[in-house]
Amino acid sequence: MQNSRLQKNCRFVLLLIVAILLLLPLFLGISLSLSSSQSIAQGNLLPRHLEFGNYIKVFTNTPMASFLLHSLIVSGMVMVGQIALSIMAAYAFVFLNFRFKKTLFILFLSTMMLPFEAQIIPNFATIRDLNLLNTYASIGLPFLASAFGTFMMKTSFEQVPIELKHLSDIEGLNHWQFATRVVMPYTKVNIITFALYSFLTNWNMYLWPLIATTNDNVRTVQIGLRQLRSQDTASNWGLIMAATIVSVIPTLLIIFLGQKYFKNGLTNGVIK
Amino acid sequence: MTKTQTAHQNLLALLLLLPSLIILGIFVFYPMIKTFYLSTQLTDLVGNPIKFIGLKNFANLIRSDSFITSFTITLIFVLFSTVLTLFISYIMAITASQKMKGIAIFRTMFSSTMGVSVTVASILWLFMFNPQIGLFSKILTILHLPQINWLSDPTWSLVAIIGTTVWMNLGFAFLVLLGAIQAIPQDLYQVADLDGASWWLRLRKITLPATRPTIFFVTVVTLINAFQTFGQVDILTSGGPDYHTNLLVYAIYQDAFVNHSVGRASAQSVILTLIIMLFTMIQFYVKNKREGRNAK
Amino acid sequence: MSIELQHLKKTYENGEEVLTDINTTIADGQFYILVGASGSGKSTILNAIAGFIPIDEGTITINGKDVTRLPPKDRNLSMVFQNYALMPNLTVSENIIFGLTARHTAKALRQKKLQEVLDLVHLEGYKNKKPGNLSGGQRQRVSLARALVSDAKIILMDEPLSNLDAKLRAEMRKEIRLLQQQLGITVIYVTHDQTEVMTMGDQVMLLNKGKIEQIGSPLELYNVPTNTFVADFFGSPAINLIDVNIENDILKMKNGIAMPFNWEHINGTFKLGVRPENIVMTRSGKMSGTIVHIEPLGDGTNLEINLGLDATFRVKVNEQIHLVVGDAVNFDILLDKVLLFTQDGQLIKVGQSELVAVSGQLA
């Protein structure tokens, strides 16, 4: 018993050390954001006394508030679009019989191995030619369809027992009723997982919003941060860190709330 | 099924798939073909093709020192960031897989970097690497070691980018590996306990073999992500010093949008596409082989 | 609500025949059981009646109306599934009125019917619970209630009890049978469990590899099996099938035992079917052998006895026997209760007293 208690304590210390090391950058970021400029300039890693001025300045002296709003709109828009389109496509692949089903599915799957980074040149040209630069659509449109989402929804729809389909056929449910009353409630957890995952990914998008925006009209928070860092605010670490922390709160919240979903979703849906 | 039912299903399927197909067509398939096409063209400053030059863009790339540097650097980067991510996240997953009081908090903390964007990670680490007030400079001072210019030294700058990337990757890798370890049936360990197997033997004979498919999955995903790295470079080093952190995607971006050399950028894009395709296909192949074996 | 199946045929794409020429009539109010091993085609017939799968040839008639090409919803039937098929996110009540809601039945009527069936299946106290909080038996009651609420006079049941434990199964058998008789519903019931066949069925169809082996009442199939497959399917322990030679009213077994046999004057080699219970243990018995296996059941004993034949001989007696493996026993076969089959398994004749019993039942 003694031995196992010792083991337990050792493990706890190990966990603690890993946690501290892992979270150190984030902790220092928070620490700086609560420090005054002088304190930072003197090389202090911890604030001499807590100051919230940086957080106020983020919203008064920088366009972060509108960047956050833009990110919220784009991320929400793309999330809704991805969920809707993925559910539609997955429903067809699982519950309908149609011509070229296999070919079309392979076509969907194949997009998962084409890196978006390699397609930015023609995509920029397309968005520019459609006169969409610096609009929400310019950032969101290319990501509305998600092969990953379709694949994940397809995998979860396949777990709906065939008996529920039979029951629905007997009761005369049409496709819309079957989808909304049976399939979607039954796979609710997977849909939520995908929604959280989608929002997270959209919020953290970097390369494409950088390319698709040339001014602050719809600029997202990630690109806004990059801009703060390269402007005259560059040496104002307190302000930059405050902006950084503000930008990461929504996604950390999603991770904390959705941890269970993610673990199950990622292990069941993706690897299977 | 009657003919009208079949026709009805065909039509409904088309309607359901059409939105996705249109988006994928415009923003995935068309640009891919266009990129392949542009890679064979001499292009003007706005990116319009001027004339067909075959594989000359590729030939020029191979002869270009900056590309060779950036390609080599990319391979080194991919190798180190993948191996380190796997190694560290696996240790984290094993440590956090045991049941104990308060473990949920640790698990949440360990997976938290999954929610951190590349911008946030880069800015946080930018401070860590700051030569005047950063944490590492403080540590070196305390240890009486010479200061390192992390982000402007040709070697250390890549180390800094790898470090930032690994830190970002840990959350996702940890979460997936943890799931795999927890899915191992407990009776396997109970049998090992009866046999008095050591901790190390249990790891080697039970945990590692049982999680091998997941390790492979995480490896490929990390590898593919590493090849697509952009933001860390953009914020931390801008590819410098002297192309020593000029990873492939950053080179594409620079060539396309700064140097206005679209043909060259497209050729590099094609190379990136082929690399990613290769690894995705390896993954599919291994997965199918494994499933085929399991089905038997 | 009678159902008629005529010349149903179905072949898989790989050429494997799942159904070959299935014909039967299911009368109104009948408890009709489809039984067979897995792969026998019993579930395929049920799915064809429901309309889930198309059939290649033949017609399905429900109450005189050809429904072969109609979708499931227009066949006026309901169904109970092996895995219950309940929506985990809906309460018991919501699950029960699932179909009524889909069909936009008026709310007042819905509530009235709900109340009726809740009483029928004794789930009143559970109506606001989620299926996840119910036991297997309660879940199957919900599924049953959902089938009952729909007004359909035909209920298809696909192995509804096979996920339940033995005690619950016995209870539910009684309950389902009672409800069916009380409400006058026609039930088509798929199972592989012979106890369910015996205790619930009015009429049984035994299937083997897509073909009908026999249709009849459960006791008919037990007492007058048309072939050795049917004889072997029912009864536990299974019937003993012994190769015998009959010559001049003398029956000889391979181990040399001979006995007079005179209720059928034929000569040749046959298969003799002896149910394990149709023997008498007696010291002077002609059959003698040693016990190779013994199963005390409390209310009786199952024995396997080595008689020097190809297979051991199964015996079932209604008392406790204090013998052990290796002990010698003697017994007699009740020759007037045996079944006589041709060499390839077709029934020739049933022992005399059995025929009397059958006709007695019919009268």
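It should be noted that the structure appears before, not after, this text.
In this text, all values refer to a predicted model and were calculated from it rather than measured experimentally.

A. Quick peek at the packing of aromatic side chains. Under the criterion given, the structure shown has 36 aromatic pairs over all chains. Measuring from centroid to centroid gives 4.9 Å for B:F230 and B:Y253, while their planes differ by 70°, and the two rings are edge-to-face. Within this pair, whereas B:F230 is found in the loop between α9 (199-227) and α10 (231-236), its partner B:Y253 is found in helix α11 (residues 248-258), the two being separated by 23 residues in sequence. Neither residue differs from the other here; B:F230 and B:Y253 are each classed as buried. What links up through ring pairs into an aromatic cluster is the set A:F124, A:Y206, B:F230, B:Y250, B:Y253 and B:F257. The cationic tip of A:K154 hangs over the ring face of A:F105; the distance from NZ or CZ to the ring centre is 4.3 Å. When the ring centre of C:Y222 is taken as reference, the NZ or CZ atom of C:R275 above it lies at 3.9 Å.

B. Fine view of the pattern of salt bridges. Tallied over the full model, the rule gives 18 salt bridges over all chains. Between A:R219 and A:D216 there is a salt bridge; the shortest N-O distance is 3.1 Å. Accessibility expressed as a relative area gives 11% for A:R219, which makes it buried. A salt bridge links A:R226 to B:D234; the shortest N-O distance between them is 2.4 Å.

C. Structural detail: the environment of A:F108. Residue position: A:F108 is located in helix α5 (residues 101-110). For the pair formed by A:F108 and A:W237, sequence separation is 129 residues and the distance between their alpha carbons is 45 Å.

D. The arrangement of the side chain of B:Q41 in detail. For B:Q41, the location among the structural elements is in strand β1 (residues 41-43). On the basis of relative accessibility, which here comes to 6%, the residue B:Q41 falls in the buried class.

E. Quick peek at the sheet that holds strand β12 (residues 250-253) of chain C. Residues and elements named next belong to chain C. Strand order in this open sheet of 6 strands is β13-β12-β11-β14-β20-β21, and the pairing throughout is antiparallel. Among the strands making up the open sheet, the edge pair consists of β13 (258-260) and β21 (347-350). Looking at each pair of strands side by side, their axes are set apart by 30° on average, direction ignored. Of the strand pairs in this sheet, β12 and β13 are connected by 3 bridges, and their pairing is antiparallel. Bridge pairing in β13 links I250 to P260.

So, how was this worked out
- Residues numbered from 1 in each chain as written.
- Chains lettered and ligands numbered in written order.
- Predicted model: local features only at pLDDT ≥ 70, side-chain atom pairs only at ≥ 80, totals over all residues.
- Heavy atoms only, no water.
- Phe/Tyr/Trp six-rings, centres within 6.5 Å; stacked < 30°, edge-to-face > 60°.
- Helix = DSSP H or I, 4+ residues; strand = E, 2+ residues; numbered from the N terminus.
- Buried < 20%, exposed > 50% of the residue type's maximum accessible area, 1.4 Å probe, protein only.
- Lys NZ or Arg CZ within 6 Å of the ring centre and 35° of its normal.
- Salt bridge = Lys/Arg side-chain N within 4 Å of Asp/Glu carboxyl O.
- Pairing = 2+ DSSP bridges.
- Axes fitted to C-alpha atoms, helices over the stretch in contact; angles between N-to-C directions.

Any link to function would need more than the numbers given here.
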